[in-house]
Amino acid sequence: MLQEYDETADMYRSVYKVDTAINNTAIINTAIAPLRKDPDRRGELTDEDFYGEKVIILSEVKNGFSYIRTDYGYEGFALNCNLIQDECKVREWEDSYKMVVVNSFADIVAVPSVRGEILITLCRGALISVLGEADSQGYVQVRLVNGVIGYIKISLLGRYKVDYSLEMEDKLRYDIIQTALSYMGCQYRWGGKSPLGLDCSGLTFMAYQMNGITIYRDASIKEGYPIKPIPPDQKKPGDLLFFGGHVAMYLGEDRYIHSTARKGSDGVVINSLNAEDPLYREDLAMRLIEVGSIFS
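The shown structure was predicted, so the numbers you read here are calculated from the model rather than taken from an experiment. (Residues numbered from 1 in each chain as written. Predicted model: local features only at pLDDT ≥ 70, side-chain atom pairs only at ≥ 80, totals over all residues. Heavy atoms only, no water.)

Caption draft 1: How the structure looks around the overall build of the chain. In terms of regular secondary structure, the chain is built from five helices and 22 strands. In summary, the chain has a C-alpha radius of gyration of 20 Å against a globular reference of 19 Å for 296 residues, a match within 12%. With the principal axes as the frame, the chain shows a C-alpha extent of 55 × 55 × 40 Å. Buried positions account for 51% of the 296 residues belonging to the chain. (Helix = DSSP H or I, 4+ residues; strand = E, 2+ residues; numbered from the N terminus. Rg over C-alpha atoms; globule rule 2.2 N^0.38 Å. Buried < 20%, exposed > 50% of the residue type's maximum accessible area, 1.4 Å probe, protein only.)

Written as structure tokens, this is what we have:
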């Protein structure tokens, strides 16, 4: 996603007279909630947020949309039908113990059985309220945002990380890279950040977010977020490469992983900065503007 979105958002705040004093908390109640550039079901996709995530409703507008702000500071138009706004349910959800979906996709079923009715299918990054320990078959009881009880295999869930430590730098770099690699082969989707498709900053955002680190959602370094510029010759695995409107994650040995719409790639692939490497992409190597790191 390009950084010009901030200016677009300012325009929409003006057009729809968004009252930033309103702080109505809501919870995403659909597997993937699209955030659009304007209040139109066919409007440009600018971002996606996942089931169980908290958002702030800045203003209700028209066509069944609200202008919202995500927990990581991104703004856009979301359908009201994708949000739970009931105060009691929101409070119960916020107070509950939550885990995060780490598998590409995961079914919540009505009973702890492979034959159980599928209540909803979630994707990596979704949050779910866990009610107890797993049974002998690996199923754990969970509560959906709307209060319905279901079951999911505990192996599909991981710890919901909301912070991080730089003390074990090598392990953190490794974990971030492994998360990025888990999206290998996913298609490119402008504004996306799920296994169904994601853009360049969607990939890097999720790789960090799943490890408790909230970085800027777009393809640039922004003040107030933990990525800081470093000298390019000091880059290490897990650091980010910025190419002017495009971002990738450095893997070491001149290679990087990114989500690209280039013909022949069309999704998450590995390329190289080294002209001698078969995976070399000259167009990007010539456009490298800066390198960013949380370890600086």
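So, next bit.
Caption draft 2: The arrangement of helix H4 (residues 200-209) in detail. In terms of burial, H4 is largely enclosed, as nine of its ten residues are buried. Within H4 the residues assigned to the buried category are Cys200, Ser201, Gly202, Leu203, Thr204, Phe205, Met206, Ala207 and Tyr208.

Caption draft 3: Representation of the sheet that holds strand S19 (residues 247-252). One open sheet accounts for six strands, arranged S17-S22-S18-S19-S20-S21; its pairing is antiparallel. Each end of this open sheet is capped by a strand with a single partner; those strands are strand S17 (228-230) and strand S21 (267-272). Adjacent strand axes in the sheet meet at a mean angle of 40 degrees, parallel and antiparallel pairs treated alike. Of the strand pairs in this sheet, S19 and strand S20 (residues 255-260) are connected by three bridges, and their pairing is antiparallel. Within S20, the position partnered with Gly252 by the bridge is Arg255. The strands that helix H3 (residues 169-181) touches are S19, S20, S21 and strand S22 (290-293); relative to S19, the one it contacts most, it runs at about 120 degrees. H4 rests against strand S18 (240-242), S19, S20 and S21 of the sheet, and its axis sits at about 55 degrees to S19. (Pairing = 2+ DSSP bridges. Axes fitted to C-alpha atoms, helices over the stretch in contact; angles between N-to-C directions. Contact = heavy atoms within 4.5 Å.)

Caption draft 4: Layout of the packing of aromatic side chains. The final tally for this structure, using the stated rule, is five aromatic pairs. With 4.7 Å between their ring centres and 55 degrees between their planes, Tyr72 and Phe205 make a pair best called tilted. A residue pair is termed long-range when its members are at least 10 positions apart, and Tyr72 in the loop between strand S5 (65-70) and strand S6 (75-79) and Phe205 in helix H4 qualify at 133 residues. In this structure Phe205 comes out as buried when scored by relative accessible area, which is 1%. A cation sits over an aromatic face here: Arg124 above Tyr183, 4.5 Å from the ring centre. (Phe/Tyr/Trp six-rings, centres within 6.5 Å; stacked < 30°, edge-to-face > 60°. Lys NZ or Arg CZ within 6 Å of the ring centre and 35° of its normal.)

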